[in-house]
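For reference, the chains in residue letters:
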Amino acid sequence: MKFHVLTLFPEMIENAVHTSITGRAVKKGTISLDTVNIRDFSDNKHMRVDDYPYGGGAGMVMQPEPVYRAWTSVAEPCSKEGKKPRCIYLTPQGRVLNQTLVEELAMEEELILLCGHYEGIDERVLEEVVTDYVSIGDYVLTGGELAACVLIDAVSRFVPGVLSNEESFQFESIQDNLLEYPHYTRPEVWQDRQVPEVLLKGDHKKIQSWRMEQSLERTRQRRPDLLEKNRQVTAAVFSPTGGTRRAAEIFTEYLTQNPRYIDLTRRKLRKEKIKFSSRELLIAAAPVYGGQLPVMEEPLFANLQGEGTPCVIIAAYGNRHYDDTLAQMKERLESQGFICIGAAAPIIPHIYSPVLGKGRPDEKDQQILRRLAVEIKKRLEKGQEDGFLSVCLPGNPRPEPKQMKPVEKHFDRGLCTNCQACVQKCPVNAISQETLEICEDRCLNCMSCTKVCKAGARGFDCSQVRQYLESNYSSPRKIEVF
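Residues numbered from 1 in each chain as written. Predicted model: local features only at pLDDT ≥ 70, side-chain atom pairs only at ≥ 80, totals over all residues. Heavy atoms only, no water.

Asks: Requested: an account of the pattern of salt bridges, with residues and values cited.
Replies: Summed over the entire model, instances satisfying the criterion amount to 27 salt bridges. A salt bridge links Arg-86 to Glu-108; the shortest N-O distance between them is 3.3 Å. Taken as a pair, Arg-86 in strand E5 (residues 86-96) and Glu-108 in the loop between helix H4 (99-106) and strand E6 (110-115) lie far apart in primary sequence, 22 residues in all. Among the ionic pairs, Arg-360 bridges to Asp-362, the shortest N-O distance being 3.8 Å. (Salt bridge = Lys/Arg side-chain N within 4 Å of Asp/Glu carboxyl O. Helix = DSSP H or I, 4+ residues; strand = E, 2+ residues; numbered from the N terminus.)

Written out as structure tokens, the structure is:
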């Protein structure tokens, strides 16, 4: 991440940024700081950059030409494909900086920060160069330098490599619109005040629960406005072999540090009716089978009931295509009280080929999912005020069911230990508990039975399907988001 700061006081920026965590990041090269003195672009011998305001009034106004020249000196060299970097003007008239905006800005490769002074900057140059107006609060400072330092510090925390694991932004509760829980260190007793007993026992589940309770209570007492924005995020995931679950977890954990997971691969959980309020967010994730949702006796996600609940849907596939799956998921969930505000079609390893989807979601995919998570946060903020908008998705929501050609399966009774793992893990109850035979009419061909069979008694031959897929779909597809 490169920060370019246009200012009349470069030393203010440099002294702050070259200290502590951001200072270490500059030394490591994780972030870079380029301060540009606007006075260097003045066209008079006294290096003046201000003049009296038209129409009269107190104070002086910064002239447009020095600001424009300073901006051009930075913007032109770092423009890519005709696109200039975002230029942020720090002003109390702007959008108030919050965590969602911080995460959004952290996705940029370069940022230009423009610091005003005196009574401000000539409006004409602002109209020409500024892309974002940002405020750090409803008060006035003598200039934009301190605000720029605040923004640099906040954004830098989301740049990979700036924070260590112990300091990581992933553990900051403000991402969930909650204040952080209380912290304690040695001594155990200080001025008759005792460290809470739960923190001394080493029971991590109880500690985590206590911290969440404290975080909620502190927010309720000190920032009830934040609590109104807090949403429980639940990921309901159908993932027989784990690929879809991994993609869903990556995305979900960009949204929240306190997700709830519902494993819809378990038959028992698919039978439970689960209700969601309008104050929650659902992530619904499923794999693509032949371009459609998996077909079962009870339609997938039928047990979930919303109440104007926003949801994001994920259809994960092995590099062929998701075809109608997103459209199917959207129609099904919206008929049950959800509003689809976003969607993703990530690529995951194909169960029939070690080549298709190998290593996916990769680093580029994760960056795309991270951007989508930031966009979803923005849609949630806007939707809370103006109502949620349903996204348009490609595909036929009611396609004709496809007849999937069964894959030849092998079962070696001599190797079988009768552990029943395949019976228990089969997501559609297609394996007989008595005979251990597979009912092909029910089988999804997900191959979870072969994955859980430690004795190696179960296997399958997908050589023909694999050859067809690898011959036609080996070119890596890009993840799509909506």
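Asks: Explain the packing of aromatic side chains to me, and be specific about the residues and the numbers.
Replies: In the structure shown here, the tally under the stated rule is six aromatic pairs. A ring pair is formed by Tyr-89 and Tyr-133, whose centres lie 6.1 Å apart and whose planes are at 80 degrees; its orientation type is edge-to-face. Of this pair, Tyr-89 sits in strand E5 while Tyr-133 sits in strand E7 (residues 132-135), and the two are 44 residues apart along the sequence. Assessed through its relative accessible area of 9%, Tyr-89 is described here as buried. In this structure, Arg-245 packs its charged tip against the face of Tyr-261, placed 4.9 Å from the ring centre. Over the aromatic face of Phe-411 sits the side chain of Arg-458, whose NZ or CZ is 4.3 Å from the ring centroid. (Phe/Tyr/Trp six-rings, centres within 6.5 Å; stacked < 30°, edge-to-face > 60°. Buried < 20%, exposed > 50% of the residue type's maximum accessible area, 1.4 Å probe, protein only. Lys NZ or Arg CZ within 6 Å of the ring centre and 35° of its normal.)

Asks: Explain the packing of H4 against helix H6 (residues 145-156) to me, and be specific about the residues and the numbers.
Replies: Direction vectors running N to C along H4 and H6 enclose 75 degrees, while the axes themselves pass 9 Å from each other. Looking at the two axes, H4 sits roughly perpendicular to H6. Taking contact as the criterion, the partners of Val-102, Leu-105 and Ala-106 in H4 are, on H6, Leu-151, Ala-154 and Val-155. Split by residue class, the contact of H4 with H6 holds six nonpolar, no polar and no charged. (Axes fitted to C-alpha atoms, helices over the stretch in contact; angles between N-to-C directions. Parallel < 35°, antiparallel > 145°, perpendicular 65-115°, else oblique. Contact = heavy atoms within 4.5 Å. Nonpolar A, V, L, I, M, F, W, Y, C, P; charged D, E, K, R; others polar.)

Asks: Run through the nonpolar core, naming residues and quoting values.
Replies: Grouped together as the largest cluster of nonpolar side chains are 65 residues, with contacts concentrated most on Phe-251, Leu-281, Leu-282, Ile-283, Phe-301, Ile-313 and Ile-376. Breaking this core down by element, the ones donating at least two residues are strand E10 (232-237), helix H9 (243-255), strand E13 (280-287), strand E15 (309-316), helix H11 (325-334), strand E16 (338-345), helix H12 (363-386) and helix H13 (421-425). Ignoring sequence-local partners within four residues, the contact set of Phe-301 consists of Ala-236, Leu-264, Ala-284, Ala-285, Ala-286, Leu-293, Met-329, Leu-333 and Gln-336. One finds Ala-106, Leu-111, Val-134 and Phe-158 within the second-largest nonpolar core, a separate group that totals 31 residues. (Core = buried A, V, L, I, M, F, W, Y, C linked by side-chain atoms within 4.5 Å.)

Asks: Before we move on, could you go through unusual backbone geometry and cite the residues and values that matter?
Replies: In this structure, Pro-187 follows Arg-186 across a cis peptide bond, with omega equal to 5 degrees. Mapped onto the elements of the fold, Pro-187 is located in the loop between H6 and strand E8 (189-190). Going from Arg-360 to Pro-361, the amide bond is cis rather than trans, its omega being -5 degrees. By the element assignment, Pro-361 lies in the loop between E16 and H12. Although it is not a glycine, Gln-420 sits at a positive phi angle of roughly 70 degrees. In this structure, Gln-420 sits in the loop between strand E17 (408-411) and H13. For Met-447, which is not a glycine, the phi torsion comes out positive at approximately 65 degrees. Relative to the helices and strands, Met-447 is located in the loop between H13 and helix H14 (448-452).

Asks: Before we move on, could you go through the side chain of Arg-360 and cite the residues and values that matter?
Replies: If you trace the backbone, Arg-360 turns up in the loop between E16 and H12. You can call Arg-360 buried: its relative accessible area is 10%. The residues touching Arg-360, leaving out its near neighbours within four places in the chain, are Arg-246, Asn-319, Ile-347, Ile-348, Pro-349, Asp-365, Pro-476, Arg-477, Lys-478 and Ile-479.

Asks: An account of the sheet that holds E15 is requested, with residue identities and associated values reported.
Replies: Pairing is mixed in the open sheet, where six strands are placed in the order E11-E10-E13-E15-E16-E19. Two strands in the sheet have a free side with no partner beyond their single neighbour: strand E11 (260-263) and strand E19 (480-481). Note that E13 and E15 share six bridges and pair parallel. Following the sheet pairing, Ala-284 is matched in E15 by Ile-313. Contacting E13, E15 and E16, H11 crosses the sheet at an angle of about 155 degrees to E15. (Pairing = 2+ DSSP bridges.)

Asks: Outline the pairing of E16, listing residues and values.
Replies: Within E16, seven of the eight residues are buried, which leaves it mostly tucked inside the rest of the structure. The pairing of E15 with E16 spans six bridges and is classified as parallel. If you follow Ile-313 over to E16, its bridge partner there is Ala-343. Of the crossover connections in this fold, the one passing from E15 over H11 to the parallel E16 is right-handed. Summarising the sheet, E16 and E19 pair through two bridges and their orientation is antiparallel. Paired with Ala-344 across the two strands is Val-481, which belongs to E19. (Right-handed = clockwise from strand over helix to strand, strands pointing away.)

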